[in-house]
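A structural walkthrough
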Amino acid sequence: MIKLVRTAYLIIAWLFVFGLLIQVFLAGLSLFATPSYWPTHAKFGYWIGFLMPFLFFLAFLGRFPRPTIGWTALLSVIYFVQTLLPPLRSVLPLVAALHPINALLVFWLAPTVARRARYFVPPPLGTGAAI
Amino acid sequence: MVKWMRTGYLISVWLFILGVLVQAFLAGMALFAGSLYWQDHTSLGWSVAHGLAFFPLLFALFSRLPRNAWGMLIILLILAGVQPLLPGMRRDFPWAAALHPVNALLLFSIGLKVARRARDFVPKPLGTGEAS
């Protein structure tokens, strides 16, 4: 059971990383192809955000060590903040402008979380010992 | 001499990462505060990509780095060289131009990897390596 949960955690963590790449590509399309991609960027951002509470839940259910749960929580919080920043543009444009910087942080943290998870998943997907 | 070059290498990589962060903030300002900031983003972008990225290469050449430290640095330099060229493709290849922010993510992540690796070659307190 734990093996399955941990494998699911690993897969979802990498799905999130892949989703981030698509999300940023959509922002690029909005900027350089047509602005009509902005709503898709916004919607897709909320959709991949739904993976976060799921990942956090799996971290507990999979009995990951505390640091892994902590990193997952941090990623969830930073990503939640990410979705709150653009609506601040009319009130606090300086704070809203942190949206791309926060994206860099999310993209640094997400693969870190996914790579750490590999240690707790047996081969072939992970590098950990069989549970 | 090598010690100083390696310290310069470490500092210049971190300056490059700082440049990427400032660039991301300027892009955010252009998007959320005023489009005039695109000019700053563009002009600073050339300096970061072709100016700041040149210094890690220069220091690395005189740092006698092990071969395995060069791989990530070369990838970083290639991506940095490509980065300011991408927006210019917006008319003919908009999907390629759209890779500009994706490439920024890679520059930041790979830059951090290169910086962490660089610490191994620099003695304390800046790095984690043994005194040379």
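Below is a summary of the structure that appears in this document. Keep in mind the model is a prediction, meaning the values are calculated, not measured.

What counts, and at which threshold
Residues numbered from 1 in each chain as written. Chains lettered and ligands numbered in written order. Predicted model: local features only at pLDDT ≥ 70, side-chain atom pairs only at ≥ 80, totals over all residues. Heavy atoms only, no water. Helix = DSSP H or I, 4+ residues; strand = E, 2+ residues; numbered from the N terminus. Buried < 20%, exposed > 50% of the residue type's maximum accessible area, 1.4 Å probe, protein only. Contact = heavy atoms within 4.5 Å. Areas by Shrake-Rupley, 256 points an atom, 1.4 Å probe, with all protein chains shown as cover. Core = buried A, V, L, I, M, F, W, Y, C linked by side-chain atoms within 4.5 Å. 1 Å grid on protein atoms, 1.4 Å probe; cavity = no way out; pocket = protein on both sides within 12 Å on 5 of 7 lines; lining within 4 Å. Points joined across faces, edges and corners; volume = space filled by probe spheres on them. Nonpolar A, V, L, I, M, F, W, Y, C, P; charged D, E, K, R; others polar.

When helices and strands are tallied, chain A shows 6 helices and 0 strands. Going from the N terminus to the C terminus, chain A shows its helices and strands as α-α-α-α-α-α. When its C-alpha atoms are laid out on the principal axes, chain A stretches across 50 × 30 × 20 Å. Relative to its full complement of 131 residues, chain A shows a buried share of 46%. A separation threshold of at least 6 residues defines the contact pool for chain A, and within that pool the share at least 24 residues apart is 63%. Accessible area for chain A stands at about 6900 Å²; split by element, carbon and sulfur atoms hold 77% of it.

Tyr9, Phe16, Leu20 and Leu75 of chain A together with Tyr9 and Phe16 of chain B are the most contacted members of the largest nonpolar core, which has 57 residues in total. Secondary-structure elements contributing two or more residues to this core are α1 (2-32), α3 (51-61), α4 (66-84) and α6 (99-118) of chain A together with α1 (2-32), α4 (70-82) and α6 (99-119) of chain B. Those residues in contact with phenylalanine 16 of chain B, other than ones at most four positions away along the chain, are Val48, Leu52, Ala53, Leu76, Ala80 and Leu107 of chain B.

Next up on the list: the layout of surface pockets. Roughly 1300 Å³ of internal volume is contained in the largest pocket. Forming the boundary of the largest pocket are 47 residues, of which Leu31 and Pro100 of chain A together with Ala27, Leu31 and Pro101 of chain B lie nearest the centre. Elements with a minimum of two residues in the lining of the largest pocket: α1, α2 (38-49), α4 and α6 of chain A together with α1, α2 (37-52) and α6 of chain B. Looking at the lining of the largest pocket, its residues break down into 33 nonpolar, 12 polar and 2 charged. Of the pockets and cavities examined, the second largest pocket occupies roughly 160 Å³. Every element with two or more residues in the lining of the second largest pocket is listed here: α2, α3 and α4 of chain A. Broken down by element, the residue count for the lining of the second largest pocket peaks at 5 residues, all from α4 of chain A. Split by residue class, the lining of the second largest pocket holds 7 nonpolar, 3 polar and no charged.

Function cannot be inferred from these measures alone, as they are strictly geometric.
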